[in-house]
Amino acid sequence: MNGNLPELKRIANRMRHNIVKMIGAAGSGHPGGSLSATELVAALFFKVMRHDPKKPAWPDRDRFILSKGHACPVLYCAYAEAGYIDPALLMTLRKLGSPLQGHPDRRFLPILEASTGSLGNGLSIGMGMALAGRLDQKDYRVYVMLGDGECQEGQVWEAAMFAGYHKLDNLCAIVDYNKIQLDDWVAKILDLEPLAAKWESFGWRTLTIDGNNMQKVLDAFEQAKMTSGKPTVIIANTIKGKGVSFMENNVEFHGAAPNPDQVKKALEELDKEAAVLA
Amino acid sequence: MGTIAPPKFELKMGAATRDAYGKALAELGRTNPNVVVLDADLAKSTKTNVFAKEFPNRFFTCGIAEADMVGIAGGLAEAGKIPFASSFSVFLMCKGFDQMRVAVALPKVNAKFVGSHGGISIGEDGPSQMSVEDYALACGLAGFSVMSPADEVSTRALVFRAAEHKGPIYMRVGRPKVPVIYDAKDDNFQIGKARVLIEGSDVALIGCGIMTAECLRAAETLAAEGISAMVVDMHTLKPLDTAAVAAACRTGAIVTAEEHLLDGGLGSQVARAAAATSPVPIEYVGIHDTYAESATPEELLEKYGLTAKEVVAAARRVLKRKR
Ligand SMILES: Cc1ncc(C[n+]2csc(CCOP(=O)(O)OP(=O)(O)O)c2C)c(N)n1
């Protein structure tokens, strides 16, 4: 897939529409961390990654693991936009029998690369895939998205140490650094700073960018692809709830669904943005 | 078959056991300055935030780092504090298990662990957030006492008993509101001492957690059919009240009911105790070797067989096997 910049921005806007609608319809879910990651996920699926929705099991495909599984609406929207799943399914999120479970679950949606939702697990799994790719002399790349709060899990740093030591340059981690976790702001719970220096000291190339700026996001993924001899981490400064004024930087919208009025208001705002991007 | 009508339980909807936990913890904090509370970025959900608000300097959020939190609890206990550490039960037990074994069970320190969002009745978040194995894991820690209270009254009392008890504790509390079983003033709860809610002679229904209320409802249905069912609230899975199990055995048939995998939970504990005294046929209500999914709590309890209806069906089956 090969979207140009204006098209990628329109895709991100459409994904935000769907994120709001589907979580509103479900009546529960995690809008904040889905909206913060939208540019990053859109860039991966519609420009950066080598993949084919007609061949989801293609052995040479690039892999994407959403380690912060609670943000799965953003991933489901990318799947729908790319043609992996029927867009009508989005409105079944979290309902009995839906393949779109509250957290990604491969038993119900086999195109997922991993079942996630217990934070801290994704980077290790992605690293296993990257190692296998190296053993098989395949050139696919593995992308793993982590939450900033998630980086408090010890397993993340066990994985970081391993990837650095084994120079897994086919692995790219993305930290969605939206500064907020569940109970409060990250800096008030357990500060991660200096975050880039931590990753660097574990042997990673680090790229710190504005993760809601599509051009900057594309540039960073391009640099990551060109990096050899080390894994890359993109520390993406983002805004939690990005695109919906009353959700932005609002701890309350980590794990609360918008009510019908809020859905309406949010969609109006996103419509305005869509008009500008058209 | 028995003829005496069982006492009626109104089963009016009360607070979630996690809310009762949060309130009890704050109450405890007022009388016991040694109580220190830990959480792992779920204080709004586990309700330790009630304590945090009142005693900010005796509350520590550990970040999303459950293993570290359990280790810290071990150290606090070694140094004379009474730590209560909470997260969702699945993260507390699964991520913190080695630390519970090494920093708490082996040295047998005085640390308390309360896991919220136990079982599948959390609903839409799905299986990654649901614990269906926490009883088994906690019972597998030598020296631990393991509890799963059924309502707000027993939760409050057992939080206080946990603090008075010298030794490690695991308690599961739940997300949804649950019916009140006990009188608000009832404080007659002891760790390891079951409560017989209804005396009966044909079959014994033994429940814990949210399934205790389902056993009460089942007993009512069975009574209408002329079957006299004893109902036992086995709020403590370990140490198990073997005298209560022996009494249950005297009815000649047992049904256990739990919101947990059938492996290693209440059913296993009761069967072992029954087999050691006077074995009778037992049927088990619980989750059959699977993980659940996303849906409303009601839909899930129905689909995975955790209802009064299932308890009644199990009672009918076990009565057929009765010698
Ligand atoms: C191991 C584990 N502990 C706790 C949780 C509960 N939980 C879900 S989301 C969340 C906060 C995540 O914050 P962050 O990683 O910053 O994600 P984002 O802000 O991008 O949504 C927590 C604590 C979990 N899913 N897994």
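The structure this text deals with has already been given above.
Below is a short write-up of the structure.

1. Looking at the overall build of chain A
Inference 1: Each helix and strand counted, chain A has ten helices and five strands in total.
Inference 2: Here the C-alpha atoms of chain A give a radius of gyration of 17 Å, agreeing with the 19 Å that 2.2 N^0.38 yields for 278 residues.
Inference 3: Considering only C-alpha atoms, chain A reaches an extent of 50 × 45 × 35 Å along its principal axes.
Inference 4: Each of the 278 residues in chain A was classed as buried or not, and the buried ones make up 57%.

2. With respect to the overall build of chain B
Inference 1: Along its length, chain B carries 13 helices and 14 strands.
Inference 2: The C-alpha radius of gyration of chain B comes to 19 Å, within 12% of the 20 Å expected for a compact globule of 323 residues.
Inference 3: C-alpha extents for chain B along the principal axes are approximately 60 × 40 × 40 Å.
Inference 4: Out of the 323 residues belonging to chain B, those deemed buried represent 64%.
Inference 5: Long-range contacts, defined here as pairs at least 24 residues apart, represent 80% of the contacts in chain B between residues at least 6 apart.

3. Concerning the sheet that holds strand β4 (residues 82–88) of chain B
Residues and elements named next belong to chain B.
Inference 1: In spatial order, the strands read β3-β2-β4-β5-β7-β6-β12; together these seven strands make up an open sheet with mixed pairing. Both outer strands of the open sheet, β3 (59–61) and β12 (236–238), are each paired with one neighbouring strand and no more. This sheet shows a mean twist of 20° between the axes of neighbouring strands, independent of strand direction.
Inference 2: Bridge count for strand β2 (residues 35–39) against β3 is three bridges, and the pairing is parallel. Of the residues in β3, the one forming a bridge with Leu38 is Phe60.
Inference 3: Lying over the sheet, helix α8 (residues 152–164) contacts β4, β5 (112–116), β6 (145–147) and β7 (169–172), oriented at roughly 135° with respect to β4.

4. Details of the pattern of salt bridges
Residues and elements named next belong to chain B.
Inference 1: The full count for this structure, using the stated rule, is 29 salt bridges over all chains.
Inference 2: One salt bridge connects Arg161 with Asp187, and the closest N-O pair in it is separated by 3.2 Å. On the criterion of sequence distance, the pair formed by Arg161 in helix α8 and Asp187 in the loop between β8 (177–179) and β9 (195–198) is long-range, its members being 26 residues apart.
Inference 3: The shortest N-O distance in the salt bridge between Glu283 and Arg321 comes to 2.8 Å.

5. Regarding helix α11 (residues 266–276) of chain B
Residue and element names in this part refer to chain B.
Inference 1: Every buried residue of α11 is listed here: Leu266, Gly267, Gln269, Val270, Ala273 and Ala274. Seen end-on, α11 carries its buried residues on one side only, within an arc spanning 165°. Of the residues in α11, the exposed ones pointing more than 90 degrees away from the buried face are Arg272, Ala275 and Ala276.

6. Details of the interface of chain A and chain B
How big an interface is tends to be stated in terms of the accessible area lost upon association of its parts.
Inference 1: With 31 residues of chain A in contact, the opposing surface of chain B contributes 25 residues.
Inference 2: For the pairing of chain A and chain B, the buried interface totals around 2,000 Å² over both sides, and the portion due to carbon and sulfur atoms is 46%.
Inference 3: Linking chain A with chain B are one salt bridge.
Inference 4: In this structure, Arg94(A) and Asp125(B) form a salt bridge, with 2.7 Å as the shortest nitrogen-oxygen distance.
Inference 5: Partitioned by chemical class, the residues of the side of chain A that touches chain B number seven nonpolar, 15 polar and nine charged.

7. Re the pairing of β2(B)
Residues and elements named next belong to chain B.
Inference 1: Within β2, five of the five residues are buried, leaving the element largely enclosed by the surrounding structure.
Inference 2: Residues Val35, Val37 and Asp39 point to one face of β2 and Val36 and Leu38 to the other, with burial holding for every one of them.
Inference 3: In terms of strand pairing, β2 meets β4 through five bridges, oriented parallel. The partner of Leu38 across the bridge, within β4, is Ala85.

8. Some thoughts on the pairing of β4(B)
All names here are of chain B.
Inference 1: Across the seven residues of β4, seven count as buried, placing the element largely inside the fold.
Inference 2: Pairing analysis gives five bridges linking β4 to β5, with the strands arranged parallel. What sits directly across from Ser86, in β5, is Val114.

9. Section: the nonpolar core
Residues and elements named next belong to chain B.
Inference 1: In this structure, Phe84, Ile120, Val203, Leu205, Val255 and Val311 are the most contacted members of the largest nonpolar core, which totals 70 residues.
Inference 2: Looking at which domains feed residues into this core, each of domain 1 (14–180) and domain 2 (192–321) gives three or more.
Inference 3: For Phe84, the residues in contact, after removing those within four places along its chain, are Tyr21, Leu25, Leu28, Val35, Val36, Val37, Leu38, Lys112, Val114, Val159, Ala162 and Ala163.

About the criteria used
Residues numbered from 1 in each chain as written. Chains lettered and ligands numbered in written order. Predicted model: local features only at pLDDT ≥ 70, side-chain atom pairs only at ≥ 80, totals over all residues. Heavy atoms only, no water. Helix = DSSP H or I, 4+ residues; strand = E, 2+ residues; numbered from the N terminus. Rg over C-alpha atoms; globule rule 2.2 N^0.38 Å. Buried < 20%, exposed > 50% of the residue type's maximum accessible area, 1.4 Å probe, protein only. Contact = heavy atoms within 4.5 Å. Pairing = 2+ DSSP bridges. Axes fitted to C-alpha atoms, helices over the stretch in contact; angles between N-to-C directions. Salt bridge = Lys/Arg side-chain N within 4 Å of Asp/Glu carboxyl O. Arc of directions from axis to C-beta. Buried area = accessible area lost by both parts, 1.4 Å probe. Nonpolar A, V, L, I, M, F, W, Y, C, P; charged D, E, K, R; others polar. Core = buried A, V, L, I, M, F, W, Y, C linked by side-chain atoms within 4.5 Å. Domains from an automatic or database assignment.

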